[in-house]
Amino acid sequence: MESTPESTPGGPVAPPPAEAPLDPVAVAALALGLLAVVPGLGVAAVVCGHVALRRGRSATGTGRAMAGAVPGRARGSRGFALAGLALGYAMTALWLLLAAAVVAGSGR
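A quick note: this is a predicted structure, and the numbers were derived from the prediction, not measured.

**Quick notes on the UniProt feature "transmembrane region" (unreviewed entry) in the protein chain**
For step 1, the next point in the chain: In the numbering adopted here, UniProt assigns the feature "transmembrane region" (unreviewed entry) to residues 25–48 and 80–104.
For step 2, the next point in the chain: Along residues 25–48 one finds 75% helix and 0% strand; the C-alpha atoms at either end are 6 Å apart.

Below, the structure written as structure tokens:
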């Protein structure tokens with residue numbers, strides 16, 4: 001006899017929960033953070049990361065509502081947004097240090 005979800009001992013089997021789609025702004029934050037070896041893209045990664053975090057907060061009901069916030073995207077996208085923020089801040093700091101070193105070295 002073939003086993004079906006209805007005939008399984010213990011009752012029907014629930015389908016696995018569907019994964020929430022990623023927030024495109026969080027994905028952009030991570031992509032820009034990875035591309036932040038180009039001067040200026042780190043700042044864009046930081047901006048996108050903060051926007052994505054705010055969208056995630058408003059989607060879960062703990063922040064101000066923002067256009068485009070979709071419930072369910074907050075959990076999966078938070079890591080992308082945080083990684084983009086970390087990379088964006090780190091690379092921006094490195095570019096600023098490099099610029100300061102160039103300016104200080106050219107004063108001789």
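**Some words on the nonpolar core**
Side chains of nonpolar character tend, in soluble globular proteins, to be buried together.
For step 1, the next point in the chain: Ranked by size, the top nonpolar core spans 11 residues in total: Val 25, Ala 26, Ala 29, Leu 32, Ala 45, Val 46, Cys 48, Ala 52, Leu 53, Ala 81 and Leu 85.
For step 2, the next point in the chain: Of all the secondary structure elements, the ones that give two or more residues to this core are α1 (24–34), α2 (41–60) and α3 (73–105).
For step 3, the next point in the chain: The biggest single contributor to this core is α2, with 5 residues.
For step 4, the next point in the chain: Leave out the neighbours within four places in its chain, and Val 25 touches Cys 48, Val 51, Ala 52 and Arg 55.

**Quick look at the side chain of Ser 77**
For step 1, the next point in the chain: The residue Ser 77 is located in helix α3 in this model.
For step 2, the next point in the chain: When near neighbours in sequence (up to four residues on either side) are disregarded, Ser 77 contacts Pro 21, Leu 22, Asp 23 and Ala 26.

**Notes on the pattern of salt bridges**
For step 1, the next point in the chain: Applying the stated criterion to the full structure yields 1 salt bridge.
For step 2, the next point in the chain: We note a salt bridge from Arg 55 to Asp 23, for which the minimum N-O separation is 3.2 Å. Of this pair, Arg 55 sits in helix α2 while Asp 23 sits in the segment before α1, and the two are 32 residues apart along the sequence.
For step 3, the next point in the chain: Taking relative accessible area as the criterion, Arg 55 reaches 15% and is therefore assigned buried.
For step 4, the next point in the chain: The class of Asp 23 is buried, set by a relative accessible area of 3%.

**Points about a nonpolar patch on the surface**
For step 1, the next point in the chain: A cluster of nonpolar residues, Trp 95, Leu 98 and Val 102, forms a patch on the protein surface that exposes about 270 Å² of accessible area.
For step 2, the next point in the chain: Judged by its relative accessible area of 53%, Val 102 is exposed.

**A closer look at the environment of Trp 95**
For step 1, the next point in the chain: Relative to the helices and strands, Trp 95 is located in helix α3.
For step 2, the next point in the chain: In this structure, the C-alpha to C-alpha distance between Trp 95 and Val 38, residues 57 residues apart in sequence, is 9.1 Å.

**With respect to α1**
For step 1, the next point in the chain: What α1 keeps buried is the set Val 25, Ala 26, Ala 29, Leu 30, Leu 32 and Gly 33. Buried residues along α1 cover an arc of 165° about the axis, so they all sit on one side. Away from its buried face, by an angle of more than 90 degrees, α1 presents the exposed residues Pro 24 and Leu 34.

Criteria and cut-off values
Residues numbered from 1 in each chain as written. Predicted model: local features only at pLDDT ≥ 70, side-chain atom pairs only at ≥ 80, totals over all residues. Heavy atoms only, no water. UniProt positions renumbered as here; feature names shortened; annotations may be inferred. Helix = DSSP H or I, 4+ residues; strand = E, 2+ residues; numbered from the N terminus. Core = buried A, V, L, I, M, F, W, Y, C linked by side-chain atoms within 4.5 Å. Buried < 20%, exposed > 50% of the residue type's maximum accessible area, 1.4 Å probe, protein only. Contact = heavy atoms within 4.5 Å. Salt bridge = Lys/Arg side-chain N within 4 Å of Asp/Glu carboxyl O. Patch = residues over 30% accessible without salt bridge, like charges linked within 9 Å, V, L, I, M, F, W, Y side chains within 5 Å. Areas by Shrake-Rupley, 256 points an atom, 1.4 Å probe, with all protein chains shown as cover. Arc of directions from axis to C-beta.

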